[in-house]
Amino acid sequence: MADITMRNIRDVLDGNEPVFRLESPTNLMWPLSQQLCNSQTGSNLVKRTFSIAILDSSFNPPTLAHKFLLFNTLHSVYPLQRDRLPNQNDKFDAGLVLLSVNNADKGRFSEEDISQRLRWMQILSNSVSNDLFTNSESIPGLAVGITNCAKFLDKAEILQKTLSQLVSSLISSLRNDQNDSNLVFDGQIRLYFIMGFDTVIRFFDSKYYEGSLVEALSGFFDDKLYGSRIICANRTQGIISRTSQEAIMQEFLNPENEATEISKAVKKYREFILELGGWMERDDLINISSSEVRQILGDHDAERRNDKQALFGKLIQKLPSEIASDLVKQNKS
């Protein structure tokens, strides 16, 4: 892996303060798309709202569910139509595949672990970018990022700070190119965190916050602070039917009363939770999980099989082909 990547990993692991590092953007102007820079003057970018979709996961490994979820979000206009802002594009400006080296429930990942997952995330990012390119003339740029922040509130804070600085810097470079001293970024960065319903439930769990849940979450959604939204994608789990799971989700997202601290918070911020349409329509993808892939690998090792073709045949049903090939090569059986 490149020296700059290892340096970024160590910066994040060693950081005592919140740290975010950017990896492998698909264009040099990320999160500004190249088409956007070419089609608009700097003055049109100054007041603009930049919309960035963020897929935050442990990616151990990234699955076809991750890929479809990110692609479907970036290819959709529905979330932005629901969350309309002045000077906002009809589609997302950029996508970010994000890994936290610290998990709020599982602890810290090793340097070797992070390095491998970043490599997989880059494969995922390139695969989604290629699919977007074949489906649209104008595509959002994609990038991979790592942070040491474990909680969504802290992630939103460091991303809002870092990406605002980055966009300001990029617009300043346009200012120099156009010799216009008035080009100073005064727009907004809007962060859209893509979450499965199970993650949305954890997001509203008061154990991750201090004091009142409603007050603790205010900064996350406030446009003057961290300017974030949630894109909620449901999926069936275990023996629960799709209809039942959908009913559970709707009951959680639309509480009739404010009997608990969680229901108060959900009701308060419901308008900022945008449901992703189309996700439930793919029965072949909604149940795929990284843990299922690890189980396949474990069972293959336990059987002491040396049939790599059979292993690849199982993995290719769950993973992007390059990641499936990578895992087969790593397999010791």
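Residues numbered from 1 in each chain as written. Predicted model: local features only at pLDDT ≥ 70, side-chain atom pairs only at ≥ 80, totals over all residues. Heavy atoms only, no water.

Caption draft 1: Representation of the pattern of salt bridges within the structure. Per the counting criterion, the structure on display carries 10 salt bridges. Two residues, D223 and R229, come together in a salt bridge whose shortest N-O distance is 3.2 Å. With relative accessibility at 3%, the residue R229 sits in the buried group. Of the charged contacts in the structure, one is a salt bridge between R270 and E275, with a shortest N-O distance of 2.5 Å. (Salt bridge = Lys/Arg side-chain N within 4 Å of Asp/Glu carboxyl O. Buried < 20%, exposed > 50% of the residue type's maximum accessible area, 1.4 Å probe, protein only.)

Caption draft 2: Quick look at the pairing of strand 8 (residues 228–233). The buried fraction of strand 8 amounts to 6 of the 6 residues, a majority that puts the element mostly inside the structure. Alternating residues of strand 8 divide into S228, I230 and C232 and R229, I231 and A233, and every residue in both groups is buried. Across 3 bridges, the pairing between strand 8 and strand 9 (residues 273–275) is parallel. If you follow I231 over to strand 9, its bridge partner there is L274. (Helix = DSSP H or I, 4+ residues; strand = E, 2+ residues; numbered from the N terminus. Pairing = 2+ DSSP bridges.)

Caption draft 3: Geometry of unusual backbone geometry. Cis geometry is adopted by the peptide bond preceding P31, which originates at W30 and carries an omega value of 10°. Note on placement: P31 falls in the loop between strand 1 (20–23) and helix 2 (34–39). Residue N60 is joined to P61 through a cis peptide bond whose omega torsion reads 0°. Mapped onto the elements of the fold, P61 is located in the loop between strand 2 (49–56) and helix 4 (64–75). Despite not being glycine, F59 has its phi angle at roughly 50°, a positive value. In this fold, F59 is placed in the loop between strand 2 and helix 4. Looking at F59, the relative accessible area reads 0%, which means it is buried.

Caption draft 4: Structural detail: the confidence of the model for the chain. Overall, the prediction assigns the chain a mean pLDDT of 83, with 79% of residues at 70 or greater. Segment residues 236–240 is flagged for pLDDT under 50; beyond a separation of four residues in sequence, or across chains, it makes 11 contacts in the model. (pLDDT = per-residue confidence, 0-100. Contact = heavy atoms within 4.5 Å.)

Caption draft 5: Highlighting the packing of aromatic side chains. Throughout the structure, instances matching the rule amount to 14 aromatic pairs. Ring centres of F152 and F203 lie 5.9 Å apart, and the angle between their planes is 65°; this geometry places the pair in the edge-to-face category. Taken together, the residues span a long stretch of sequence, with F152 in helix 7 (residues 152–178) and F203 in helix 8 (residues 197–203) at a distance of 51 residues. Per residue, the accessibility class of F152 equals that of F203, and both read buried. Note on F193 and F220: the rings are 5.6 Å apart at their centroids and 35° apart in plane angle, and the pair reads as tilted. Here F193 is found in strand 7 (residues 188–196), whereas its partner F220 is found in helix 9 (residues 213–221), with 27 residues between them in sequence. Judged by its relative accessible area of 1%, F193 is buried. (Phe/Tyr/Trp six-rings, centres within 6.5 Å; stacked < 30°, edge-to-face > 60°.)

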